[in-house]
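Residue-level listing of the chains:
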Amino acid sequence: MNKKLRCLIFYFLTLVFCNLIYSQEQQEKQPLAQILLELENKYNVKFSFETKTIAGISIDPLYPDLSLEQVINQLKLETNLNFEILSDRFIAVTLKEISEIDNAVQRLEEVVVTNYLTKGISKTNNGTIKADTKAFQILPGLIEPDVLQIVQNLPGIISADERISNINVRGGTNDQNLILYEGIRMYQTGHFFGLISVFNPYLSDDVTVSKNGTSAKFGNAVSSTIAIQNPDTIDKETSIGIGGNLLSVDGFAKIPLSEKMELHLAARRSFTDLVVSETYDAYFDRIFTDSELNSSNSNTQLALEERFLFYDFNAKFLYDIDNSSKLRINVVNMYNDLDYNQVFTTTNNNFQETQSELSQVSYGASASYSKMLKNEINLSAQIYYSNYDLDSKNNNITDSQILNQENKVEDYGLRLDVSKVLSPSLKINLGYQFNEVGVTNSENVINPNFTSLTKEIMRTSALFGEVVRYSQSRNTYLRLGARISYFGKLQELIIEPRFAFNQKISDYFRLEILGELKNQSITQIIDLQQDFLGIEKRRWQLANGNNIPLIKSQQVSAGISYNQNNLLVSFEGYYKNVSNITAQSQGFQNQFQFTNDIGSYTVKGIDFLINKRINDFSTWLSYTFSKNDYHFENLNDGNSFPNTLDLRQVANASLTYSKHNFKVGFGINWHSGRPYTSPLTSQDNSNSIIEYNTPNSSRLPDYFRTDISAIYNFKISKKIKAEVGASVWNIFNQTNIVNRYYSLDSDDSIIEIDNRSLKFTPNFSFRVNF
């Protein structure tokens, strides 16, 4: 660990423990009645309620710079009461009745830790972590509530190469995550080929993350579940927002159509094909510098020109049919496109121009209907369609070859859910899910001429059920469930038990135990590192029961937390084993690059978090220690060796300040270096291959990055609000190597190639809301 890192972490630890010394000076929880009175004076509103409705309820003081809408959302989250806005002045506060659809389904799932990292991030008694983007304050390096960037701040979650499209949860690869957008399974998650989330940050409302103990209704993914939802209530008010940063412009609108119908729209488009900024240059260097695009001989390349753009579009139609039923329809479209032109001189000193192209597009749609029956049974049905298509054209001037490649996924899904609230402390959930997934892979080569087209289809049926028990004292939460899946193509019937247990030990301590078995029939593999221009080289592939088997996982974790006087300390240990992975899915760039085998990886680790809030300051430190090892029978003589994603130690420290309309965040990110395989000192030059040391026996230098961001809100007029933000990613322009591999040049000399992280990357944003 370098001297700079030790000094910064020592400084932060000193700050945290000083906070602990002065914790007694902090504000205790306040009665809700007192908080409502203060809010009435501040926002010139009137809360209407019966005294018994709020009797005995106390919550943490709210941040002073929240808007009224953010205040209402936070009160709903922390009190489990209804806050209905009747007019510009009057707000009704009522108990949530069991007849309400959402409440009947979720009434036993309660928040046990608010402000898990910062305002808007909470932990529930069922083991999930929820992020409310409307109540979200600020995180270092972020000036927009990018949902997948927010997720990476949680302990145990990181992207080893800084890409949004490569989120690693407790040592797993990104394709092992189930990412749902309004119930639609997403196979593309990043713009700029992985650096920016495809989910519009100003329409996305709630994010639910489950690292373990996943609900039985979710399946076909062996790592985490990340569910993203847009606003689901009709507020009957028109709101419009437009804004932009140094990469893109965006806008959203909520348009009431009637008392019972509303339309939500959001769109975003980059202007990188028209104007180039310093932010664009940094992103472009990160993604394309070490790709196939820049592998040509620079001595013969005279000029190059790239054109890159991305956009996304989201629409949601809300229809409250009556008091007990509702209909929701969603449509989403994401797109990335790169055109890369190069001009070369030929051996006859003539000019030749080539064009390479890469496009990535996703379409999705879902429709859901829910109905609450009089006997407290909630019925819901959802259908969805997801389409992902990755196309590339690589014009290789050196070999006079043109390669066209395509990877396409089509996913149709249906899910039926039945929930029954048996008593205030007992609920059962039952359901059925059907999916048909088709994957197409095609290649067309010119010189030599070669064509390949394969298409595979997997149909999966699943029954699931779970029982949720919440003790009358509200101290014990238990969820027991199982999912029974039948994979038609493989003719396999799999039972997946799940459980979540949360026990309040005392007023300040809680114990949590989670466990699950899960399976997965679709994964990403790499045939060749230069596929799809070396940028999006992973292609989706279905299990076939032979060289690509059904992936299986088992995981258990146990943790304890302490929460008092705005101080949170949590400690969680976990064990995770994932079997039936293929070597092709791990992206080896060593002696195993062209070898396929079936193996497993095992992760043992601990997650630690300490978070302290003092008035307008919030500080936290998270630390993860884990050991992640592969085991393949035919690789490394059957001996275990470190996983390519084995980051033994990960530490994040942050300090945020929020006062009135101004927010600022400062953060430090550090982790130990990734494993890589170095060549042997002595090489046999007669065979034109690289001879390597023991796999993943070397380590890259430690990763270190410091970020800062600031946001200021102000009013242009009574009805027009504005926001300006600025951020810098990697303030000290630290050179971080996120991957290292080796290749041979024309004279069989070994070349060391380093993939570097984002350099000093500034960004600026401005928004106006009507």
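Please refer to the structure placed before this passage.
Cut-offs applied
- Residues numbered from 1 in each chain as written.
- Predicted model: local features only at pLDDT ≥ 70, side-chain atom pairs only at ≥ 80, totals over all residues.
- Heavy atoms only, no water.
- Salt bridge = Lys/Arg side-chain N within 4 Å of Asp/Glu carboxyl O.
- Helix = DSSP H or I, 4+ residues; strand = E, 2+ residues; numbered from the N terminus.
- Buried < 20%, exposed > 50% of the residue type's maximum accessible area, 1.4 Å probe, protein only.
- Patch = residues over 30% accessible without salt bridge, like charges linked within 9 Å, V, L, I, M, F, W, Y side chains within 5 Å.
- Areas by Shrake-Rupley, 256 points an atom, 1.4 Å probe, with all protein chains shown as cover.
- Lys, Arg positive; Asp, Glu negative; His and termini not counted.
- Charge placed at Lys NZ, Arg CZ, Asp CG, Glu CD.
- Pairing = 2+ DSSP bridges.

Colleague: A description of the pattern of salt bridges should follow, citing residues and the corresponding values.
Modeller: For the coordinates displayed, the defined rule picks out 36 salt bridges. Residues Lys-123 and Glu-512 are paired through a salt bridge, measuring 3.3 Å at the closest nitrogen-oxygen approach. Of this pair, Lys-123 sits in strand 7 (residues 121–124) while Glu-512 is found in strand 29 (residues 509–520), placing the two residues 389 residues apart along the sequence. Across the salt bridge formed by Arg-170 and Asp-607, the nearest N and O atoms sit 3.4 Å from each other. You can see Arg-170 sitting in the loop between strand 10 (168–169) and strand 11 (178–181) and its partner Asp-607 sitting in strand 34 (residues 598–614), a full 437 residues away along the chain. By relative accessible area, Asp-607 is classed as buried at 4%. Look at the salt bridges and you will find they share partners, linking Glu-182, Asp-232, Lys-316, Asp-320, Lys-326 and Arg-328 into a network.

Colleague: Report on a positive patch on the surface, specifying residues and quantitative values.
Modeller: Taken together, the side chains of Lys-715, Lys-718, Lys-719 and Lys-721 make up a positively charged region of the molecular surface. Checked against the element boundaries, Lys-718 lands in the loop between strand 41 (703–715) and strand 42 (721–729). Judged by its relative accessible area of 78%, Lys-718 falls in the exposed class.

Colleague: Please set out the pairing of strand 45 (residues 761–769) residue by residue, giving values where relevant.
Modeller: The pairing of strand 17 (residues 239–244) with strand 45 spans 4 bridges and is antiparallel. By the bridge assignment, Gly-244 is partnered in strand 45 with Phe-766. Where strand 42 and strand 45 come together, 9 bridges link them in antiparallel fashion. Looking at the pairing, Glu-723 lines up with Arg-767 of strand 45.

Colleague: How would you sum up a nonpolar patch on the surface? Please name residues and give values.
Modeller: Together, Leu-463, Ile-484, Tyr-486, Leu-493 and Ile-495 give the surface a local cluster of nonpolar side chains, amounting to about 500 Å² of exposed area. At the level of elements, strand 27 (476–487) and strand 28 (492–504) are the ones that each hand at least two residues to the nonpolar patch. Within the secondary structure, Leu-493 sits in strand 28. We classify Leu-493 as exposed; its relative accessible area is 59%.

Colleague: An account of the sheet that holds strand 16 (residues 225–229) is needed here, citing residue identities and associated values.
Modeller: If you trace the 7 strands from one edge of the open sheet to the other, you get 6-7-8-15-16-11-12, paired in mixed fashion. Every interior strand has two partners, whereas the edge strands, strand 6 (111–113) and strand 12 (184–185), have only one. Alignment of strand 11 against strand 16, held across 4 bridges, turns out to be parallel. Note that in strand 16 the partner of Ile-179 across the bridge is Ile-226.

The values reported here are purely geometric and, on their own, carry no functional implication.
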